[in-house]
Amino acid sequence: MKFAWKVTVTALCILVLSVGVGSYLLISLSFQSALTREIDVAQEELQMLLISYEAVCNARGVTLENVDQRSRTLQRTLEENAYLADHQFRVSTQSGVQVYSTLSSGSDQELLSSIDSRSTGYIIRQDPQTAQVLVHCAGPVSLPDGILYMETVRDIS
């Protein structure tokens, strides 16, 4: 084989290898930034829901002691609120008792146990029934006499 052919084949191999590695890096970076963006949107949505729910609870005088008695009026208020009615979320007590829910999926006790009264958290999981990839977020709802926990689910398929 002549020297010119050896140089051409070597240059071609280097070109193919560099294009392959570059493509892999671009696709990987694109996926990572899209995933980060979806997680950020899910967490921002959770924060908006937390603030709105806390405001409704404060306006209605809801506390941990009277949440059972006021749950019916609170549920009507939440269903009438345009912003809260358009989002799926669940509110539960620290012991796991459900206060309000529009979610069809089950609660994630592992996620709830990983957060405290000042932090939020998320977990990425796949729904086995629909094969959707979901970001499940959770955070604390501060009431005057304690804390409830709110969970939201966002499809990122």
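Residues numbered from 1 in each chain as written. Predicted model: local features only at pLDDT ≥ 70, side-chain atom pairs only at ≥ 80, totals over all residues. Heavy atoms only, no water.

A.B. asks: Even after reading the chapter, I still don't get the overall build of the protein chain, so can you show me in this structure?
C.D. replies: For the protein chain, the count of helices and strands is 4 helices and 5 strands. Counting from the amino terminus, helix and strand elements in the protein chain follow one another as α-α-α-β-β-α-β-β-β. In terms of overall dimensions, the protein chain is more spread out than a globule: its C-alpha atoms have a radius of gyration of 24 Å, far above the 15 Å expected for 157 residues. Burial status across the protein chain gives 31% buried among its 157 residues. Total accessible area on the protein chain stands at roughly 10000 Å², and carbon and sulfur atoms take up 56% of it. Across the protein chain, the mean location of the 11 positive side-chain charges is 10 Å away from that of the 17 negative side-chain charges. (Helix = DSSP H or I, 4+ residues; strand = E, 2+ residues; numbered from the N terminus. Rg over C-alpha atoms; globule rule 2.2 N^0.38 Å. Buried < 20%, exposed > 50% of the residue type's maximum accessible area, 1.4 Å probe, protein only. Areas by Shrake-Rupley, 256 points an atom, 1.4 Å probe, with all protein chains shown as cover. Lys, Arg positive; Asp, Glu negative; His and termini not counted. Charge placed at Lys NZ, Arg CZ, Asp CG, Glu CD.)

A.B. asks: Quick question: what am I supposed to make of the side chain of Ser92 here?
C.D. replies: Following the sequence through the fold, Ser92 ends up in strand β1 (residues 89-92). Those residues within four positions of Ser92 in sequence are excluded, and the remaining contacts are Val97, Gln98, Val99, Leu112, Leu148, Tyr149 and Glu151. (Contact = heavy atoms within 4.5 Å.)

A.B. asks: It is not clear to me how the pairing of strand β3 (residues 121-126) should be interpreted in this structure. Could you clarify?
C.D. replies: Each regular strand shows side chains that alternate between the opposite faces of the sheet. Taken together, the 6 bridges between β3 and strand β4 (residues 133-143) define a ladder with antiparallel strand orientation. Within β4, the residue paired with Ile124 across the bridge is Val135. Connecting the antiparallel pair β3 and β4 is a turn made up of 6 residues, with Ala131 showing a positive phi of about 60°. (Pairing = 2+ DSSP bridges.)

A.B. asks: What's the story with the packing of aromatic side chains in this structure? I'm lost.
C.D. replies: By convention here, two paired aromatic rings are described through the distance between centres and the angle between planes. Taken as a whole and judged by the stated rule, the model has 1 aromatic pair. Both rings, one in Tyr53 and one in Phe89, keep their centres 6.2 Å apart while their planes meet at 70°; by these two values the pair is edge-to-face. Residue Tyr53 is found in helix α1 (residues 3-60), and its partner Phe89 is found in strand β1; the two are separated by 36 residues along the sequence. This pair shows no difference in class: Tyr53 is buried, exactly as Phe89 is. (Phe/Tyr/Trp six-rings, centres within 6.5 Å; stacked < 30°, edge-to-face > 60°.)

A.B. asks: Before we go on, may I ask you to explain helix α2 (residues 71-80) in this structure?
C.D. replies: Spacing of three or four residues puts side chains on the same side of an α-helix, whose turn is 3.6 residues. Among the residues of α2, those classed as buried are Leu74, Thr77 and Leu78. Along the axis of α2, the buried positions cluster into a sector of 100°, meaning they face one direction only. (Arc of directions from axis to C-beta.)

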